[in-house]
Amino acid sequence: GVDEAGRGPLAGPVVAAAVVLPERGVPRGIDDSKKLCANARAALSARLYKVALVGVGVASVEEIDRLNIYHATLLAMARAVDALGIAPGMVLVDGNARPRWDHASVTVVGGDSLCLSIAAASIVAKHHRDSLMIEADSAHPGYN
C-alpha cells in the first residue's frame, strides 16, 4: 500500500510511504492516519518498521515548487516504492492517480479507510512528515 502526507499544507515537503504487511503479526489499531492521535501514529509507525517492509520517499519544497504538488506527490510515491528494495507484485495506491512506473498497480479512492496496507502507509508517511516538521520548528524557533 502507498499513501502520502503533506499535500495540503503550505509548508514543508510531501512524504509518501509504501508498506508491505506481513502475513502474520500485523499490529492492531491500524487505521487512516487522520483518525489517530500523534502518539498512536508514532507507536504504530515504530511497530510497522519492526514487522513490515517499509519504504519512505520525500519530495522537497524545491521539487514541489518546480514540479507542482501533484507531480511532486507522484515522485514521492515512486521513491517510497523504490525504497522498499523489492519489486512488489501489486501496488495499492491511495487516491485516483498513480505514478508512471512498471509496477502493477491500482488506485483506491479513500484507500486509507478501505485498505489495511494503505492505512499503514498513511501512518508511516504522516509520522515521518510530522517528525520533519518538528525538526523544522527546532531549526526555526516560533515556526510551530
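The coordinates are above.
None of these values were measured; they are calculated from a predicted model.

Spanning 24 residues, helix H5 (residues 116-139) covers 35 Å between terminal C-alpha atoms, matching the ideal 34 Å at 1.5 Å per step. If you check which residues of H5 are buried, you get Ser117, Ile118, Ala119, Ala120, Ala121, Ser122, Ile123, Val124, Ala125, Arg129, Asp130 and Met133.

Moving on: unusual backbone geometry. For Asn68, which is not glycine, the phi dihedral falls at a positive 95°. Its relative accessible area of 36% is what places Asn68 among the partly exposed residues.

With respect to the helices, strands and loops of the structure, Arg41 is situated in helix H1 (residues 38-51). Residues contacting Arg41, with those up to four places away along its chain left out, are Ser33, Leu36, Ile123, Lys126, His127 and Asp130.

Okay, the layout of surface pockets next. Taken as a whole, the largest pocket encloses approximately 180 Å³ of empty space. Along the wall of the largest pocket there are 13 residues; nearest its centre are Glu4, Ala5, Gly6, Lys34 and Lys126. Counting only elements with at least two residues in the lining of the largest pocket, the list comes to strand S1 (2-5) and H5. Taken together, the residues that form the lining of the largest pocket break down as 2 nonpolar, 3 polar and 8 charged.

With that settled, the discussion passes to the pattern of salt bridges. Going through the model one piece at a time under the given rule, you end up with 5 salt bridges. We note a salt bridge from Lys126 to Asp130, for which the minimum N-O separation is 2.8 Å. Linking Lys126 with Asp130, this pair stays in helix H5, spanning 4 residues, or about one helical turn. Relative accessible area serves as the criterion here: at 27%, Lys126 is assigned to the partly exposed category.

Bringing the nonpolar core into the picture now. With 17 residues, the main nonpolar core has Val2, Val14, Ala18, Met77, Val81 and Val91 as its most contacted residues. At the level of secondary structure, the elements contributing two or more residues to this core comprise strand S2 (14-20), helix H3 (69-83) and strand S4 (91-94). If you tally residues by element for this core, the top one is H3, at 6 residues. Counting residues in each nonpolar core, the second largest holds 16 residues, with Leu36, Leu44, Ala121 and Val124 among its members.

Among the surface-exposed residues, Val20, Leu53 and Ile86 lie close enough to one another that they form a single nonpolar patch of about 200 Å² accessible area. Checked against the element boundaries, Ile86 lands in the loop between H3 and S4. When its relative accessible area of 41% is taken as the criterion, Ile86 is described as partly exposed.

Conventions used here
Residues numbered from 1 in each chain as written. Predicted model: local features only at pLDDT ≥ 70, side-chain atom pairs only at ≥ 80, totals over all residues. Heavy atoms only, no water. Helix = DSSP H or I, 4+ residues; strand = E, 2+ residues; numbered from the N terminus. Expected span 1.5 Å × (residues − 1). Buried < 20%, exposed > 50% of the residue type's maximum accessible area, 1.4 Å probe, protein only. Contact = heavy atoms within 4.5 Å. 1 Å grid on protein atoms, 1.4 Å probe; cavity = no way out; pocket = protein on both sides within 12 Å on 5 of 7 lines; lining within 4 Å. Points joined across faces, edges and corners; volume = space filled by probe spheres on them. Nonpolar A, V, L, I, M, F, W, Y, C, P; charged D, E, K, R; others polar. Salt bridge = Lys/Arg side-chain N within 4 Å of Asp/Glu carboxyl O. Core = buried A, V, L, I, M, F, W, Y, C linked by side-chain atoms within 4.5 Å. Patch = residues over 30% accessible without salt bridge, like charges linked within 9 Å, V, L, I, M, F, W, Y side chains within 5 Å. Areas by Shrake-Rupley, 256 points an atom, 1.4 Å probe, with all protein chains shown as cover.

So far we have only geometry, and geometry alone does not tell us how the molecule works.
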